Structures are given as structure tokens and as C-alpha cells.
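Here is what each chain is made of, one letter per residue.
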Amino acid sequence: MALTDRAVAPRYAKALFEAAGDQQLQAQVHDELQALLGVVEQEAGLMQLLTSQTVPQQAKTELVAAMSDGASDLVKNLLTILAENGRIGGLKDVIDDYERRYEATNGILSATATTAVALSDDQAEALRQAIAKKFDVQRVTLTQKVDAHIVGGVKVETGTAIIDGTVATRLKKLHTLLTAK
């Protein structure tokens with residue numbers, strides 16, 4: 001059975017992370033990968049071109065070279081190897097896995113907070129501190145979402161946990177209790 005791009009992405013990410021560590025470039029490579037991810041997400045057709053069977057290999061090679069222009073040798077080599085091995089479709093998965101490794105090593109936790117109304121800067125900072133304390137990390141990167149359907153409270157999602165303190169969830173639980181026999 002052939003392995004998917006997603007299945008092999010951790011291997012590439014681990015190798016890149018270790019090589020970047022050996023050269024003390026983990027932060028730089030992290031920043032370059034995040035910038036690359038931004039380009040990939042912004043240009044919807046980019047990955048389609050790179051994975052298309054109808055696009056000539058020379059055109060793909062030139063596109064990969066353009067994508068890695070100005071990047072470190074490690075990132076350039078990653079893109080080249082992914083392209084040569086037919087694994088460029090797994091680029092986002094490689095970047096995501098590298099991100100997880102980088103965050104774990106540096107005591108960073110990514111979290112998404114969903115609230116009924118936008119948080120003020122002070123509220124967001126207080127929430128960051130509470131999440132950092134709860135999960136025993138040094139820093140929290142917080143993405144905020146607004147969803148009026150939750151009525152009030154906050155729902156915090158990390159890669160491994162969900163803490164749901166929303167009014168909507170409490171009302172559902174109360175409804176279930178009241179209607180249960």
C-alpha cells in the first residue's frame with residue numbers, strides 16, 4: 001500500500017526540524033515556513049499547479065525555485081526534495097508538523113477562542129495568561145473567532161483539548177437533563 005503525502009509529512013518535518021536544530025536555525029526556518037504557508041494559502045491555484053499531472057516538470061521546478069527564492073538552504077532543499085519525490089502535495093502537512101514540533105520545543109501553545117462578541121485586548125491577554133497557566137506553557141498564540149450562536153462564554157480549542165464554557169452548551173446540557181426520564 002502506498003503511503004500518502006500526509007502519512008510521510010512527519011518524516012520530512014522531523015528531518016527538517018533536526019537539521020535546523022543542528023544549524024541553530026529552527027526559529028528562522030519556522031518563520032520561513034509560515035511565510036511560505038501564507039503564500040500557499042493565499043494563492044489557491046498554486047498547489048493545484050504543483051500537483052497537476054498535466055503541468056510539465058520543468059514548469060514545476062521553476063515554480064518551486066520561485067517559491068523558495070530568498071529562503072534558507074534548508075527550506076530550498078525541502079521544497080526541492082518534496083517536488084522531486086512527488087510529495088509536494090504534502091507541503092502544508094510538513095509545515096503543520098514542523099509547527100507542532102517548534103511549539104512543543106519552545107513552550108508555545110496554539111489555541112482558538114470562540115466568543116459571542118470580540119474580545120478586547122485586555123480580555124484576550126487575560127485569556128492567554130489563563131490558558132498558559134492551565135496548560136503549563138510559556139506562551140499562547142491565540143486565534144479569536146466570533147460566533148453569536150454561542151450566546152456568551154468562551155470555547156477554547158487547542159490541538160489536544162476543548163474547554164467549552166459557552167452558554168449555548170450549558171443550555172443544551174440543561175435541556176437534556178430536564179427532558180431525560
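The structure this text deals with has already been given above.
Residues numbered from 1 in each chain as written. Predicted model: local features only at pLDDT ≥ 70, side-chain atom pairs only at ≥ 80, totals over all residues. Heavy atoms only, no water.

With that settled, the discussion passes to the overall build of the protein. When helices and strands are tallied, the protein shows eight helices and four strands. The C-alpha atoms of the protein give a radius of gyration of 21 Å, which is well past the 16 Å a tight globule of 181 residues would have. The principal-axis extent of the C-alpha atoms belonging to the protein is close to 65 × 40 × 35 Å. Evaluated residue by residue, the protein yields a buried proportion of 34% over its 181 residues. (Helix = DSSP H or I, 4+ residues; strand = E, 2+ residues; numbered from the N terminus. Rg over C-alpha atoms; globule rule 2.2 N^0.38 Å. Buried < 20%, exposed > 50% of the residue type's maximum accessible area, 1.4 Å probe, protein only.)

All right, on to the layout of surface pockets then. Empty space within the largest pocket amounts to approximately 350 Å³. As for the largest pocket, its lining consists of 16 residues, of which Arg100, Glu103, Leu109, Ser110 and Gly159 are closest to the centre. Breaking the lining of the largest pocket down by element, the ones donating at least two residues are α6 (91-106), β1 (108-115) and β2 (139-146). Taken together, the residues that form the lining of the largest pocket break down as four nonpolar, seven polar and five charged. (1 Å grid on protein atoms, 1.4 Å probe; cavity = no way out; pocket = protein on both sides within 12 Å on 5 of 7 lines; lining within 4 Å. Points joined across faces, edges and corners; volume = space filled by probe spheres on them. Nonpolar A, V, L, I, M, F, W, Y, C, P; charged D, E, K, R; others polar.)

Looking at where Gly89 falls in the secondary structure, it is placed in the loop between α5 (73-84) and α6. For the pair Gly89 and Met47, spaced 42 residues apart in the sequence, the C-alpha separation amounts to 6.7 Å. Filtering out sequence-adjacent residues up to four positions away, Gly89 remains in contact with Asp5, Met47 and Thr51. (Contact = heavy atoms within 4.5 Å.)

Okay, the pairing of β1 next. Successive side chains on a regular strand alternate, one facing one side of the sheet and the next facing the other. Across the eight residues that make up β1, a large majority, seven, are buried. Strand direction decides the pairing type here: β1 and β2, joined by eight bridges, are parallel. Its bridge partner being in β2, Ala111 is matched across the sheet by Leu142. Crossover β1 to β2 through helix α7 (residues 121-135) is right-handed. Where β1 meets strand β3 (residues 154-157), four bridges bridge the pair, whose relative direction is antiparallel. Following the sheet pairing, Thr114 is matched in β3 by Lys155. (Pairing = 2+ DSSP bridges. Right-handed = clockwise from strand over helix to strand, strands pointing away.)

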